[in-house]
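Coordinate analysis (summary)
Given next are the chains, with one letter for each unit.
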Amino acid sequence: MQSDLSRELINQLAGSPTYRPALDASVVAIFEEKRQRLAAGYAPDTPLELLAWVQERLMIPLTEWQRLLSHCAADSGLLEDDLLMPIEEKLIRFRPCQDSGPTGDLVLAREMANGIHHALYDDVDTVLWMDLKGRPQSASDHDDVSAALDNAEVLGQWLRYYGPVDEKWICRSLSMDASTLSDLLADLTDRRALVVDVVIDGQNGSRVCDADNFDILLRMARRQRMNAIETLPAQRLALTLAHFQGLTAPHKPSSPDALSECLDRLTGLFLPARLWETEVLPARLTPFDPREMDLLIQSSEMMWIGADGRQITFCNEADLDLIADDTTTVQVEGHGPGQDLFPDPSGRYSLVALLGDPPRPAQTVLAELWDAVWQGRVTNDTLMALRRILYQRKNSGQATATMAPSSPVAARQTGSRRHRRRPGPARMIRAIGNWHLIPFPSPPDGAMETQELIKDRARLLLGRYGILFRQLLARESLAFQWAAVFQTLRLMELAGEIVGGCFFSGIEGIQFVSQPMWRLLRQPLPEETVFWINAQDPASLCGLGIHDLADPLPQRVAGTHLVYWGSRLAMVSRRQGMELTIHLPPDHPRLMDCFGLFDHLLGRRIEPLSRISVKSINQRPASTSPYLEFLRTRFDIVVEMQTITVYRARIG
């Protein structure tokens, strides 16, 4: 999005060639490679995406088309014939002037062919139509479904994919006579869609340039004058993501404001429901108090939303359009799961109210509610309902979340049946909170509204990670994955809102960073900090297939944790501490901090472990490990056979 100041500056430069800077040829070349999707990682990588690109471009010169196909094949790993086979009947070659030969051929989408023909070549009788292999076709062989197009708009749309070009080049590329072209360029200039008399440094003659592209080129030239950022080793990525997400300094109170800020950043990210209050939030807010979660949800528009596989995300009601998908349209129209349970679709009801008159069995209604919850259609205005489902005992219909006891001694006894209180059915019904349908908005009406929605999703992702690349977004829901936002990211890059490039090694394809991340990459990171993350944390690199890491990463499973000392992987804990891999010696001064992970597992407020049974350390029996004495000084431990059982350290 351009600011008023930027547009005013462009208008001044458009009318004042004397003060207009000459553009660097290398900047223009980089711009055109990206704008035409010829840069590595930018090319369409599916047949449908390639077809859509031709439709957007209107006309692609044959030589450029051949380059594009080559890049598409390289980026997708498909053969050119495999890319073209599903769509070749929807494309056509057009030769406006038979005398020009193949060098003057243009590739068009069939559905656009007649509209473009009549807009630019209506008075030309010698045009030649061909299939992609150059075999002639009659005029009746291509579709005639495109509406009449404005000739100046067609030329203007075509010029949007180029930097500054001279008029003779346009005439040759489009087989257009100079007089007709001059009239169309004058029309575009009057509309302030074109900048004339643009100069490229070191090249003779002046050129014309799309006004928006000229703005982008000025921004790119300014950015190039700044100090470039060298590609960082993949080893630095974990610390960068963790620092950006606040894991390197989590010691702030778990207040509603801090929680809201944290959850806003993670909006739309679906994670296993148990993970949020046991791992993800405690890693960012220390100490984490689950009562603050209840307060936030009950006093604000924040809500939790379920998905298949007992996953949830958090979202403000105003942001529901960001996470809506095609299936939510069904609910908007009044036919979604759980809809029949609610007398008023906008109302909130207790479980008792939903039982009906005469009342249906509570367990039947609850089963229907939870079925709708895991389809993302119904929620509850308290997390207690969710906790009861997540932490229920096996073979029991009622439960509450196990909360951390107040003393280490009590911690060892939480497994005893006599310390658990089983709520009766009536009490469970009263405590369940109020249920309601999730008020998803209707989908956007037009293409512009849809594009703005995708741009907001891209901004949300940039706020979450700071850096975006294909592998990172593979774990997001479909609306937030790479294929859904990539084209928008390209446009945001060209508009100067984000920066594209190769910022970390070991990552395949293009990477984009936000302006805050761009600034962060230019600053030193806290290499002396120690932090832990769960392997399924959004800041975790596990399972992403990133190359060039100094230490291999474990699988992305919930029972695995990683401890970092700056950018170095200091410890990996598998199966809730049962198997440890420690990369620091027993006498290392930061080892004490690394076992803050155990403090968390034993002392967290939701589902704390009563004990940790360590069976192996660095693939040796734990009881014979050189780390035994360290653990003895750090925790209260019991050594039995080959296992070390770790308890919270005694107070005092």
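Up top is the structure.
Reference entry: report on the structure contained in this document. Just so it is clear, the structure is predicted and the values come from calculations on it, not from any experiment.

Turning our attention to helix α24 (residues 482-494). Along its 13 residues, α24 runs 18 Å from first to last C-alpha, staying within 8% of the 18 Å computed at 1.5 Å per residue. Residue Thr 488 marks the point of greatest curvature in α24, where the axis turns by about 25°. Among the residues of α24, Trp 482, Val 485, Phe 486, Thr 488, Leu 489, Arg 490, Met 492, Glu 493 and Leu 494 are the ones counted as buried. With its phi angle positive at about 85°, Gly 496 sits one or two positions after the end of α24.

Two aromatic rings are characterised by how far apart their centres lie and by the angle between their planes. Within the structure shown, the criterion is met by 22 aromatic pairs. Here Tyr 42 and Phe 512 contribute two aromatic rings whose centre-to-centre distance is 6.2 Å and whose plane-to-plane angle is 75°, an arrangement assigned as edge-to-face. Remark: Phe 512 occurs in strand β16 (residues 511-514) and Tyr 42 occurs in the loop between α2 (25-35) and α3 (47-57); sequence separation between them is 470 residues. One exposure class covers both Tyr 42 and Phe 512, and it is buried. Between the aromatic rings of Phe 94 and Tyr 121, the centroid separation amounts to 5.4 Å while the plane-to-plane angle is 65°, which identifies the pairing as edge-to-face. Taken as a pair, Phe 94 in strand β2 (residues 91-95) and Tyr 121 in the loop between α6 (110-120) and β4 (128-130) lie far apart in primary sequence, 27 residues in all. Residue classification places Phe 94 among the buried positions, given a relative accessible area of 0%. An aromatic cluster of three or more residues is present, and its members are Tyr 42, Trp 482, Phe 486 and Phe 512. If you follow Arg 37 out to its NZ or CZ, it ends over the ring of Trp 53, 5.2 Å from the centre. When the ring centre of Phe 244 is taken as origin, the NZ or CZ atom of Arg 265, which lies over that ring, is 5.1 Å away.

What counts as what
Residues numbered from 1 in each chain as written. Predicted model: local features only at pLDDT ≥ 70, side-chain atom pairs only at ≥ 80, totals over all residues. Heavy atoms only, no water. Helix = DSSP H or I, 4+ residues; strand = E, 2+ residues; numbered from the N terminus. Expected span 1.5 Å × (residues − 1). Bend = angle between axes of the 7 residues up to and from the residue. Buried < 20%, exposed > 50% of the residue type's maximum accessible area, 1.4 Å probe, protein only. Phe/Tyr/Trp six-rings, centres within 6.5 Å; stacked < 30°, edge-to-face > 60°. Lys NZ or Arg CZ within 6 Å of the ring centre and 35° of its normal.

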